[in-house]
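# Chain and residue survey
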Amino acid sequence: MNSQERQEETAYDVAVIGAGTAGIPAAIAAAQGGARVLLVEKDSLIGGTLHVTGGHMAAAGTRRQSSRGIEDSVEQHLADIRRISQGTARDDLIQIQVANAADTVDWLDERGFAFAPETPRIVYGHEPYTVARTYYGKDEGQSILEVLRAELEKARESHDLTLWTSTPALEIRKDDTGRVCGVSVFKNGQEVDVDAPSVVIATGGFGADSELFEELEGAPLVSASGRAATGDGIHLGRAAGAGLQGQGTYLPTFGGLPDPKTPGRANWSDRQRLTSERPPLEIYVNTDGKRWVAEDEPSIDEKERALTTIPQRTFWTVFDDAMLEASTGALEMVVGCEPDQVRAMANNRVGVHRADDLSELAALAGIDPEGLVSTVARYNDQVARGVDEDFGRTHLPMPIEKGPYYAIRNHAITLVTFTGLDIDTDFTVRSAAGERIEGLYAVGEVIGAGATCGNSFCSGMLVTPALTFGRLLGERLSAGATASRSS
Ligand SMILES: Cc1cc2nc3c(=O)[nH]c(=O)nc-3n(C[C@H](O)[C@H](O)[C@H](O)COP(=O)(O)OP(=O)(O)OC[C@H]3O[C@@H](n4cnc5c(N)ncnc54)[C@H](O)[C@@H]3O)c2cc1C
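Being a predicted model, the structure only gives us computed values, none of them experimental.

### With respect to the overall build of the protein
The secondary structure content of the protein amounts to 15 helices and 19 strands. Whereas a compact globule of 487 residues would reach a radius of gyration of roughly 23 Å, the protein reaches 24 Å, a difference of no more than 12%. Judged by the C-alpha coordinates and their principal axes, the protein covers about 80 × 50 × 40 Å. For the protein, buried positions account for 52% of its 487 residues. Long-range pairs, those at least 24 residues apart, make up 73% of the contacts in the protein between residues at least 6 apart in sequence.

### Here's the deal with the nonpolar core
The nonpolar side chains of a soluble globular protein tend to be buried with one another. Of all hydrophobic cores here, the largest spans 140 residues; its most connected members are Val14, Ala15, Val37, Val200 and Val443. Broken down by element, the residue count for this core peaks at eight residues, all from helix H15 (residues 463–486). Lining this core are residues from two domains, each supplying at least three of them: domain 1 (3–207 + 416–486) and domain 2 (255–413). Aside from chain neighbours lying at most four places away, what touches Val37 is Tyr12, Asp13, Val14, Val16, Ala27, Ala30, Ala31, Asp160 and Leu161.

### Some words on the site of the ligand
In the vicinity of the ligand, 43 residues are found, and the nearest of them are Gly18, Gly20, Gly48, Gly204 and Gly444. Residue composition of the shell around the ligand, by class: 20 nonpolar, 18 polar and five charged.

### Some remarks on unusual backbone geometry
Of the consecutive residues Thr119 and Pro120, the connecting peptide bond is found in the cis state with omega at 5°. If you trace the backbone, Pro120 turns up in the loop between helix H5 (91–110) and strand E4 (134–135). In this model, Gly403 is joined to Pro404 through a cis peptide bond whose omega is 5°. Tracing the sequence through the fold places Pro404 in the loop between helix H13 (369–385) and strand E16 (405–413). Notably, Asn188 is not glycine yet its phi reads approximately 50°, a positive angle. Tracing the sequence through the fold places Asn188 in the loop between strand E7 (180–187) and strand E8 (190–195).

### Describing the packing of helix H2 (residues 23–32) against helix H6 (residues 141–158)
Orientation of H2 relative to H6, taken along the N-to-C sense of each, is 30°, at an axis distance of 10 Å. Taken together, H2 and H6 sit at an angle that is classed as roughly parallel. Taken as a pair, H2 and H6 cross one another with a handedness that is left-handed. For the pair formed by H2 and H6, the contact residues are Ile24, Pro25, Ile28, Ala31 and Gln32 on the first element and Leu148, Glu151, Leu152 and Ala155 on the second. A breakdown of the residues in the contact of H2 with H6 according to their chemical character gives seven nonpolar, one polar and one charged.

### Description of the domain arrangement of the protein
With domains assigned, the protein is organised as domain 1 (3–207 + 416–486) and domain 2 (255–413). Summarising the inter-unit geometry, the C-alpha centres of domain 1 and domain 2 are found 38 Å apart. In terms of residue class, the side of domain 1 that touches domain 2 is built from one nonpolar, three polar and one charged.

Rules behind the numbers
- Residues numbered from 1 in each chain as written.
- Predicted model: local features only at pLDDT ≥ 70, side-chain atom pairs only at ≥ 80, totals over all residues.
- Helix = DSSP H or I, 4+ residues; strand = E, 2+ residues; numbered from the N terminus.
- Rg over C-alpha atoms; globule rule 2.2 N^0.38 Å.
- Buried ≥ 20, exposed ≤ 12 C-beta atoms within 10 Å, placed from the backbone.
- Contact = placed C-beta atoms within 7 Å.
- Core = buried A, V, L, I, M, F, W, Y, C linked by C-beta atoms within 7 Å.
- Domains from an automatic or database assignment.
- Near = placed C-beta within 6 Å.
- Nonpolar A, V, L, I, M, F, W, Y, C, P; charged D, E, K, R; others polar.
- Axes fitted to C-alpha atoms, helices over the stretch in contact; angles between N-to-C directions.
- Parallel < 35°, antiparallel > 145°, perpendicular 65-115°, else oblique.
- Left-handed = near helix turned anticlockwise from the far one by under 90°.

Okay, structure coming up:
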């Protein structure tokens, strides 16, 4: 069949919605296994969140670990996830994930994945694993996309795989018996009905949709999600009768500065350095000007949870010029910002303020002035005595004593969403009553981060399950398709 005929074909064994982290491997594996596959992508480009993600993956028992003499096991990985998530992740799904994650990383490895040379390592941006098992590429998510793009091209050349870009899926189709029978899409200005007995929703999360976020996560949204995360799959799934999972597990990522141009967004790259990277000199205050956490708390998980308890989940780092001057090189306060850059941003970039006295600073920043003045006085007294009776901070190197003073606004930010479509262990979507919706499948962030991370962040536990579940599902659907064709 030539490519023109393929473009016009509307009957497939498998229709995959979303050419991102999970959808591409699902389509490749299904096509390689012999299925006729359609991959539809609403954007003009493939890749979805891979264009912006850090792309950290986690796997135990990879050949890269063994070549570096790192001992690890699936059991240890599972124990770490259960510990970090305090047992709140879907145990049946994480067992599948950890048992198959090494194959995912080895698959990338065999296809020339550009590992960052320091990986695998233990990363501290989330509660750490006990073993070096986090991998990422030199170009973060782009390194994964590079391999997937090449494999997708090969699969399109040598197998029955059709890709339609700029083609949003509009609706999951069902036949008279109520069974899923395809998907309708918007292609070249018209609605096209695609027939497919297996439909995979791989459309990502909904961190870029403030309305859906408000409804499902019930928290203020300051988004650093990929812009593809519009929640289409949640709408498609619900309209087809899908139930949800993971509600109530949402956790934000620790502070990010507000985006200088777009209200409601934050820049994930503009964030405070972790305590493990740099013990803080500054204090953190809420809108009342009160401290709310030990700034040197080593556990990022503790800090993220504390952040969810303060008004508007917003805080300001407050410091004086001597503290700023000392925050240089590896000791920078905000990643990538040397002291002179912070000085240049002050009163020029949204959320970054400077004033000669603390009351004026508070007024500029939108903090209660009396609260801030009394908090700084109390903090300085505690520094002089070497004891923080309020929060138990132990790193108390210097007071905040001489202007100019600075305040930088930070928000709890959303990179990923935790609620998603409920699935069983073969990735079939379930109804709210727990019944399988035959023919409808979901993989990737559309199943919700709560499924694989629970009420926590576990390193690599979104990208890796997206890749792994996508591949496993594609393999299974191709086996089903070829069996039904030969019978
Ligand atoms: C800044 C950032 C850093 C992150 N870092 C990490 C990390 O280091 N490790 C980790 O594990 N996780 C990380 N995550 C999360 C992880 O990257 C995502 O959860 C994952 O990539 C999502 O994969 P996906 O396949 O579900 O969605 P995506 O990769 O976003 O793919 C979904 C695709 O579906 C398409 N689509 C949507 N609706 C439709 C429709 N109606 N019709 C057709 N196509 C549609 C989209 O355009 C998109 O191409 C990070 C997220 C962000 C935002």
